[in-house]
Amino acid sequence: MDKCDKCGKPATVHLTDFIDGKIVEKRLCASCAAAEGLVVKTNLSISELLEDFILHTTSQETADLTCDVCGLTFNEFRQQKLLGCPNDYDAFEKALVPLLEGAHGGASQHVGKVPHRAGGQQKARNALLRLRADLKKAIAAEDYEKAAMLRDQIKELE
Amino acid sequence: MKLADLTRRAGEWLRGCGPMEDVVISCRARLARNLAGEPFLSRCSPQRRSEIEARLRREITAAGVAATVLYVDLVSASGLDRRLLVERHLISREHADSDHPRGVAISSDETASIMVNEEDHLRIQVFRSGLRLPEAAEQLSAIEEKLEDRLDFAFHSRYGYLTACPTNVGTALRVSVMLHLPALKMTGQLEKAIRAAKDMRLEVRGLYGEGSEALGDFFQVSNQTTLGVDERQIVEEFGGELVPKFIEYERAARSALLAKQASALEDKFQRGLAILRSARLMGSQEATYLLSLVRLGIATGKIGGVDIKTVNEVFLLTQPAHLQKLLKKELSGVSRAEARASYIRSRLATGAEGPAHG
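Since we're looking at a predicted model, the values are computed, not measured.

A packed helix pair is summarised by two numbers, namely the angle formed by the two axes and the spacing between the axes. Residues and elements named next belong to chain B. Close contact between helix α4 (residues 133–148) and helix α7 (residues 231–278) brings their axes to 10 Å; oriented N to C, the two are set at 155°. Taken together, the axes of α4 and α7 lie roughly antiparallel to each other. Crossing geometry of α4 relative to α7 is assigned as right-handed. Seen from α4, the contacting residues are L133, P134 and A137; seen from α7, they are E231, V235, F238 and G239. Grouping the amino acids of the contact of α4 with α7 by side-chain chemistry returns 5 nonpolar, 1 polar and 1 charged.

So, on to helix α2 (residues 79–87) of chain B. Residues and elements named next belong to chain B. Residues of α2 that are buried include every one of R83, L84, L85, V86 and E87, and no others. Where α2 is buried, its residues contact α3 (93–97), β3 (103–107), α9 (308–317) and α10 (320–327). Positive backbone phi, at 65°, marks H89, one or two positions downstream of α2.

Residue and element names in this part refer to chain B. Position of K260 among the secondary structure elements: in helix α7. Since 10 C-beta atoms lie within 10 Å of it, K260 is described here as exposed. Each C-alpha atom of the pair K260 and A142 lies 48 Å from the other, and the pair is 118 residues apart in sequence.

To continue, consider the interface of chain B and chain A. Each partner contributes to the interface: chain B provides 37 residues, whereas chain A provides 35 residues. Where the side of chain B that touches chain A is concerned, the elements lending two or more residues are β6 (155–156) and α6 (190–199) of chain B. Looking at the side of chain B that touches chain A, the element that brings in the most residues is α6(B), giving 3 residues. Of the residues in the side of chain B that touches chain A, the class split is 14 nonpolar, 12 polar and 11 charged.

Criteria and thresholds
Residues numbered from 1 in each chain as written. Chains lettered and ligands numbered in written order. Predicted model: local features only at pLDDT ≥ 70, side-chain atom pairs only at ≥ 80, totals over all residues. Axes fitted to C-alpha atoms, helices over the stretch in contact; angles between N-to-C directions. Helix = DSSP H or I, 4+ residues; strand = E, 2+ residues; numbered from the N terminus. Parallel < 35°, antiparallel > 145°, perpendicular 65-115°, else oblique. Left-handed = near helix turned anticlockwise from the far one by under 90°. Contact = placed C-beta atoms within 7 Å. Nonpolar A, V, L, I, M, F, W, Y, C, P; charged D, E, K, R; others polar. Buried ≥ 20, exposed ≤ 12 C-beta atoms within 10 Å, placed from the backbone.

What is shown is where atoms sit, not what they do.
Next up, the structure:
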């Protein structure tokens, strides 16, 4: 198997490109190809995805983020791949959202179960989000009867 | 209830009878939870970890999550006992091998286990044989609610239940199935199936979780998305839509194989069974390979007189830690292969021989 031009790992992407009127052949591994924006990586496992994200986010601004509750820096998170405390989700928000969206099919908003003690407000908010998602699906499936019903439920909650 | 009570038999769910048992051995639903107001484990001092472990042990025991609960302190448990729990899927390999204060609570019927201080403060898991995810999810949610009555879990209005690894955040619910895919392997379609799984945002791993090699023809498939979907959707989509695709794919491969080379396959199955019934030394890899063949033979109706339940149980009880527990002594090399062969002979010897369809 060919080796990746950039890092020497097995190459899985072969690209023939025209650059300044010349044919350029590139052989790249999946990670480097994704880094160049050549392929969309849908077929990576979650740990590969995380590793990949961590390798390729190198902005100085995010690396210096620090949680003032547990003291973890974003750089340390990149190395150990585990967060230090619940507050990290807020402290690293800017840097984490792209990772969450990558790992969870574009979503970064919880719509599932809410703790009993978190109160009714949060529950209503999540119910609303779920109804809106269902409405979108119903419209896409041209199920207008269901869509009308969902629309009424949404109005009621709003 | 003691740990030793577990060894002589396989828990009901481990025997793998249930819907779709020809392909699906078992299913599992798992929730991660962390205590609100506490750091995640990587930022806990040893003292803090030990306090969290003691508190969770106390609360789990008092919460009445099952009729009888056995709590195992993994720091004082022997290495052999920890391996045993891994072989039964009650704890992860990481949980067995780490060295900080940690434990596991196990329901007496082994359908539920709660790992304390694994990657998150709590990892609650529920198992079923065959494909019965809604049932597993229901029991899981009941256990979680009992614990939630006593504990405040870390929760965020945007990100849901907070976990040490951001890939679990949201519902923090992972569902998985253990699949037996021998025909896909034999027909060279396994790579394709695994790629298809990844395209469906599923993760495929070996029998004992993260980093473990697929053992024989056994694979663990699980969902990756935990944020932006609710618990019901996760269970319905995974168990109701995605897993059935694999089942269909494997069954189609089985039919194609049987249509093309029925006698060659039947020969393979019967030889496999004959070796298991007569060998005097049996290594673990060979046992896995042959038991997989026999399992396929039973599932396709070409082997009679032995049932899938027995094969699943033999597979579990001949894993290294179980074998040593069963014989009550440390075994190595040849003596282990001898013990394995002898146990397999004793379990597969009885019953009528020959194909089910004469």
